[in-house]
Every structure is written in C-alpha cells, then in structure tokens.
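# Remarks on the overall topology
Each chain is listed here by its residues.
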Amino acid sequence: MVNYLFNDKYHCICSATGGGFSYYIDPKSYRILKWEHLHTDRPGRYVFLRDMESNDFWSINWQPIRKELDKWETHHGINYTVIKSENKKIYGEITYFVPVDVPVECWIVKIKNLSNKKRKIKAFPFAHFLDGDPSMEAVLPQIYPMYLRAHYDYKKETIFIRRVAVPGIEKERHCFFTTTAKVNGFDCVKEKFFESFGYSDTPKIAKTGKCLNTNSYGEDTIGVFEHYFELNPGQEKEFAITLGFIADNTIANKIKQFKNLKWVKENCKEGADYNSVKKTREQKDKEWEFVIKMTMIARDL
C-alpha cells in the first residue's frame, strides 16, 4: 500500500513503512531517493531510535530492522502519511508530506517518553540518495555512484548531494537534506552506516550510537543525522526533516526557512473534508484505525 504525495514539480511515493522514491518532475532523469524493490519495500525514509541506557535500538517505521514493537500503526491521507509506533514506553511518530509550492518533502518527527523515569534517546533520520537516472545505475551499478558527491555543511547544518555532470549524457544536479534539530553527528557513506553484508536491516551506527561524520565522494550515498534528546516523564520532543531538489537559487536560499519547525508545520495541511457531516479529529482517527484493521483482515483472508 503506497501513497502519492506531490505538487506540480516534486513527487514522492511513500509506503506504509516510509519506503518509496522521490523525484523532481521526471522520474527517470531526476530521481532523488532510491527504492530498489517493491516487494522488499526498501530503502526508505527511516528514523532509527536508540535508548542510550539500555542500548536497545529500533525504527519508528518498523522497517528496515523489522523488530517487534509494542504498538505500530499507519494511515495514508490526501498528500500525507503518518506512522506511529511504541517501544518500551517510547512513542514515535512521523508525518510525511509535500508542501503545495516548493519542490521538497518534509517529515515531522515526534518522540515522547511514556515511562515514569528520565530517558536518553538518540534519533537517526535516514535517506538513501540516487540523485540521477535509475536506468543508468541499473546498467552501471559500480560506475554510476562514482559521479555522486555528498558533504555536510557545518555552517548550514545541512547535507548537500551533487551529481557530477557526465558530458553529453547528464547535467549536474543538486539535492539537500536538512533538519531543525541540533546535529550531533552525520554520515553520508552507506558502507559506514551499516554492518558489512548486512544492508539496511543492521544499522551499525544505531547499534553503537555514534555517527562517524563521513562525507561521500564517489560512493553509495546516504544522508543521516545524529540527534540526542533527554526526555523527562511525559515529555515530548518534535523536529522536522526536509529534503528536496535544488532547482535554482530560490530553493537554495530557502534552506534556512526549511530549518524552522514552525514553517514546516504551517505547510503540513490535511486535505479538505468534503463530507456533508463534519467529524472531529478523534472520530476521524478512530475511523482510520477501523479501516486499517479491516484492510489487514481482508489481506489475511
């Protein structure tokens, strides 16, 4: 089950676990995120969490670690998808959406301590970049990544991704990955973030709790931030991730704006309700829960 989040330029396919690819105008030439296989639903837009005291780690999405969680649910709406989960009294929530008039996608992330003691949690937002032509990568899987660069800009606290021009074949293009939370670390090299031969179900950095601050030069490229939160009982922290295509200088100049949580939340608007009988948010959420349960029963049948 996937959702289609889009405006007139930026398009985002988002599965029930955050998988799917993004592209700018043309899905062939301007693919931004990877999505290697429909059946595995990987890679995706993940937020890994780690309890710094118990060393337990998981993802809000369930994928790609696929650890059994205490609670998990998702629902798709018009131009947004929400994933909620709970693990050992830590609640996590991600809302994915695409603003109306900017070629970006945004994730609003919430982490809440439901226990009666203070918790120390690290969060690792993750995206896997292609920034190019997927057919070229399929034909030249070892060569195509050599034209990809990614580095962390300490001043802007943003990861910038660049596809080097291939004369006569491709033009140079740029993407970015940024956050509203304080950055304690970052990584851009997939091989450093995951365990050898483990792919995305064994994130080494989420296990160790510390990014290596790697930039990517001609390698399989990801974007990861390391965030640290101390949560008192009942306390919630909220931040936003924005990634997108830098089509011109107007987008580049807006990166500071994307780092403002208030702006991100103001642009996360649920579609209009055209039902004749208006319902409360609580009633809508209950109906979503019922629909999801019935869908899962129908699938099992």
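Details of the structure are given in the entry above.
Keep in mind that what you see is a predicted model, and the values were worked out from it rather than measured. (Residues numbered from 1 in each chain as written. Predicted model: local features only at pLDDT ≥ 70, side-chain atom pairs only at ≥ 80, totals over all residues. Heavy atoms only, no water.)

## With respect to the nonpolar core
Formed by 42 residues in total, the largest nonpolar core has its most connected members in Ile32, Leu49, Trp107, Ile111 and Phe177. Counting 16 residues, the second-largest nonpolar core is a separate cluster that includes Ala240, Ile246, Phe258 and Trp263. (Core = buried A, V, L, I, M, F, W, Y, C linked by side-chain atoms within 4.5 Å. Buried < 20%, exposed > 50% of the residue type's maximum accessible area, 1.4 Å probe, protein only.)

## Remarks on the packing of aromatic side chains
Per the stated rule, a full pass over the model turns up 23 aromatic pairs. Aromatic side chains Phe229 and Phe239 sit 5.7 Å apart centroid to centroid with 20 degrees between the ring planes, which places their arrangement in the stacked category. Taken together, the residues span a long stretch of sequence, with Phe229 in strand β17 (residues 221-231) and Phe239 in strand β18 (residues 236-245) at a distance of ten residues. Taken individually, Phe229 and Phe239 each receive the classification buried, so the pair is uniform in this respect. (Phe/Tyr/Trp six-rings, centres within 6.5 Å; stacked < 30°, edge-to-face > 60°. Helix = DSSP H or I, 4+ residues; strand = E, 2+ residues; numbered from the N terminus.)

## Brief notes about the sheet that holds strand β14 (residues 173-179)
As summarised here, the arrangement of the nine strands in space is β7-β8-β9-β10-β18-β14-β13-β12-β16, forming an open sheet in which the pairing is antiparallel. For this open sheet the edge positions go to β7 (71-77) and β16 (216-217), each flanked by a neighbour on one side alone. In the sheet, strand β12 (residues 148-153) pairs with β16 via two bridges, with the strands oriented antiparallel. Bridge assignment links Arg149 to a residue of β16, and that residue is Tyr217. (Pairing = 2+ DSSP bridges.)

## Describing the side chain of Asp133
Looking at the element boundaries, Asp133 is found in the loop between β11 (119-132) and α1 (134-139). By relative accessible area, which is 6% here, Asp133 ends up buried. Of the polar contacts made by the side chain of Asp133, one reaches the side chain of Ser135; its length is 2.5 Å. (Polar contact = N/O pair within 3.5 Å; in protein donor to acceptor, adjacent residues only side chain to side chain.)

## Quick notes on the pattern of salt bridges
Scanning the model with the defined rule gives 14 salt bridges in all. The partner of Lys190 in a salt bridge is Asp220, and the shortest N-O contact between them spans 3.6 Å. In this pair, Lys190 sits in helix α2 (residues 190-193) while Asp220 sits in the loop between β16 and β17, placing the two residues 30 residues apart along the sequence. Take Lys190: its relative accessible area is 15%, and that puts it in the buried class. The structure contains a network of salt bridges with shared partners spanning Lys34, Glu137, Lys190 and Asp220. (Salt bridge = Lys/Arg side-chain N within 4 Å of Asp/Glu carboxyl O.)

## Quick word on a nonpolar patch on the surface
Residues Val139, Leu140, Ile143, Met146 and Tyr147 make up a contiguous nonpolar surface patch of about 440 Å² in total accessible area. Overall, Ile143 belongs to the partly exposed group, its relative accessible area being 42%. (Patch = residues over 30% accessible without salt bridge, like charges linked within 9 Å, V, L, I, M, F, W, Y side chains within 5 Å. Areas by Shrake-Rupley, 256 points an atom, 1.4 Å probe, with all protein chains shown as cover.)

## With respect to unusual backbone geometry
The residue after Arg42, namely Pro43, is reached through a cis peptide bond having omega -15 degrees. The residue Pro43 is located in the loop between β4 (31-33) and β5 (46-51) in this model. For Lys89, which is not a glycine, the phi torsion comes out positive at approximately 70 degrees. Positionally, Lys89 belongs in the loop between β8 (80-87) and β9 (90-97). Positioned with a positive phi, Glu157 is a non-glycine residue whose angle comes to about 50 degrees. Relative to the helices and strands, Glu157 resides in the loop between β12 and β13 (158-163).

## Structural notes on the environment of Trp72
Secondary-structure assignment places Trp72 in strand β7. A residue is classified by how much of its surface remains accessible, and Trp72, at 37% relative accessible area, is partly exposed. Those residues within four positions of Trp72 in sequence are excluded, and the remaining contacts are Ala16, Thr17, Ile60, Asn61, Trp62, Ile83, Lys84 and Ser85. A distance of 3.2 Å separates a polar atom in the side chain of Trp72 from the backbone oxygen of Asn61. (Contact = heavy atoms within 4.5 Å.)

## Quick look at the environment of Leu212
By secondary structure assignment, the location of Leu212 is in the loop between α3 (204-208) and β16. Each C-alpha atom of the pair Leu212 and Phe193 lies 8.2 Å from the other, and the pair is 19 residues apart in sequence. In contact with Leu212, other than residues within four places in its own chain, are Phe186, Asp187, Lys192 and Ile205.

## Quick notes on the pairing of strand β15 (residues 185-189)
For β15, the tally of buried residues reaches five of five residues, placing the bulk of the element in the interior. Judged from the four bridges that link them, β15 and β17 form a sheet pairing that is antiparallel. What sits directly across from Asp187, in β17, is Val224.

## Overview of the state of the cysteines
Counted by the stated rule, this structure contains zero disulfides. Unpaired in this structure, Cys14 has its nearest cysteine sulfur neighbour in Cys12, at a distance of 5.4 Å. (Disulfide = S-S within 2.5 Å.)

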